[in-house]
Every structure is written in C-alpha cells, then in structure tokens.
Amino acid sequence: MWRDQVLEWFAAVGPFAILLSILFNTIISILAFMPSVFLTAANLAFFGFWWGTLISFLGESIGAVVSFWLYRKGIKKFAPDALMKNKWLVKLQETGGREAFLLVLALRLFPFAPSGLVTLAGATSRIGLVGFTVASTVGKIPALMLEAVSVYQVLQWNTAGKVILALVAVGVVVIVLRGRLKR
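Every chain is numbered independently, its residues counted from 1 as its sequence is written. Note on the predicted model: pLDDT of at least 70 is required for a residue's local features to be given, and 80 or more for side-chain atom pairs to be given and counted; whole-chain, interface and lining totals, by contrast, use all residues. Remark: hydrogens and water are excluded; side-chain values derive from all non-hydrogen atoms of the structure.

Some details on the overall build of the chain
Secondary structure elements follow DSSP: runs of H or I of four or more residues count as helices, runs of E of two or more count as strands, with numbering from the N terminus. Helices and strands together make up the secondary structure of the chain, namely nine helices and zero strands. Scanning the chain from its N terminus toward the C terminus, one meets helices and strands in the order α-α-α-α-α-α-α-α-α. Among the 183 residues that make up the chain, the fraction classed as buried is 37%. Remark: exposure states derive from per-residue accessible area (1.4 Å probe, protein chains only) relative to the maximum for the residue type, with buried under 20%, exposed over 50%, and partly exposed in between.

Details of the side chain of Ser-125
In this structure, Ser-125 sits in the loop between helix H7 (115-124) and helix H8 (129-156). Throughout this description, a polar contact denotes any pair of N or O atoms lying within 3.5 Å of each other; where both atoms belong to protein, one of them has to be capable of donating a hydrogen while the other can accept it, and for residues adjacent in sequence the pair is counted only when both atoms sit in side chains. A distance of 2.8 Å separates a polar atom in the side chain of Ser-125 from the backbone oxygen of Gly-122.

Re the environment of Ala-143
With respect to the helices and strands, Ala-143 occurs in helix H8. Using a relative accessible area of 14% as the deciding quantity, one classes Ala-143 as buried.

Examining the pattern of salt bridges
Side-chain pairs of opposite charge can arise where the charged atoms are in close proximity. Note on definitions: salt bridges are taken to be side-chain nitrogens of Lys or Arg within 4 Å of carboxyl oxygens of Asp or Glu. Following the criterion strictly, the structure yields one salt bridge and no others. With a closest N to O distance of 3.3 Å, Glu-60 and Lys-140 form a salt bridge. Of this pair, Glu-60 sits in helix H4 (residues 49-78) while Lys-140 sits in helix H8, and the two are 80 residues apart along the sequence. With relative accessibility at 11%, the residue Glu-60 sits in the buried group.

Now the structure itself:
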C-alpha cells in the first residue's frame, strides 16, 4: 500500500521526513492527476494529526505554486495555441485581477475540485503569482481540514471512519453508474 511505503521512507530519512513529504506533495501537484490523500494519510500517521495536517497543507500549497509556475511557462512555450481550442479556457485566459483571485479562491474552497485543474485554470488566467499564491493557499485551508479529519477518522477505524468510508464508496458507485448510464 502507498501509505505504508511512504511511512517506511519517512522512517528511513528521519528528520528529513518533512522535506520528503513536501517534495512528494510538489510532485503530486505537478502530475495533476494523482490524488494526495494517501500522502495526507501517511503524514497523519507519521507526524500526528496537527503536525501531519500542517505538513500536508505546506506541501500542497508549495506544490500548487510550483505547478502554477511550471504550467504557465509550459503552456506558453510548448502549447501556446492549445488553449484556443477550449472556449472555457479562452474565457478564463481573459480573467484577471480580483475576478481571477476570487475564482481561484472559490475553486480551492470546494474540497472535491481537482487541484490540478484549479491550478491549470489559474495558470491560464491573467492572475499573478502572488495573487494565485494567496488565493490558493487560503482556499486550501478548509478543504485540507475536511480531508485531514476524514482521513484521520478512517485511520482510527472508529464509527465515524467507517461511515465516511461507506459514504465515499457510495459516492464512487454513483459516479461510475452515472457515467455508464450516460453512454
């Protein structure tokens, strides 16, 4: 299991486990398709609830900023016309200032919005690095707290954890069935 492997790596590097966790979170953010929930679980198990949550928060925030910067550079350099094919991304590219800041903040506040898409959306807008950093970081607080509490309850395997896991399982089944029924 991923969490167990990460816990072994944390134990092996000792005092550098925090840096390793932040590095892993940054890589997960850059890849954009990989969920970080297993890393949050490892952080909570290794560092405890509060320190694990703080380290996950730092890693996700740093990862989002690094991803934003790389996406922005990569899109402009390698695929400048790729965004012109999607009407939504073209509109988003025209967004800037306060509107872009509020958009990133709102998307981060929604705990189940794919983080990579939020970062890509920010990178295609005219929001600056500082505005993105502030909006993204502030917006991650409630979403990460919800994730940390949920993961912690599942790790404790008490009644709340079992209910949370059951609700997630039902949610996944509903999403899969919806997708199949639409075909």
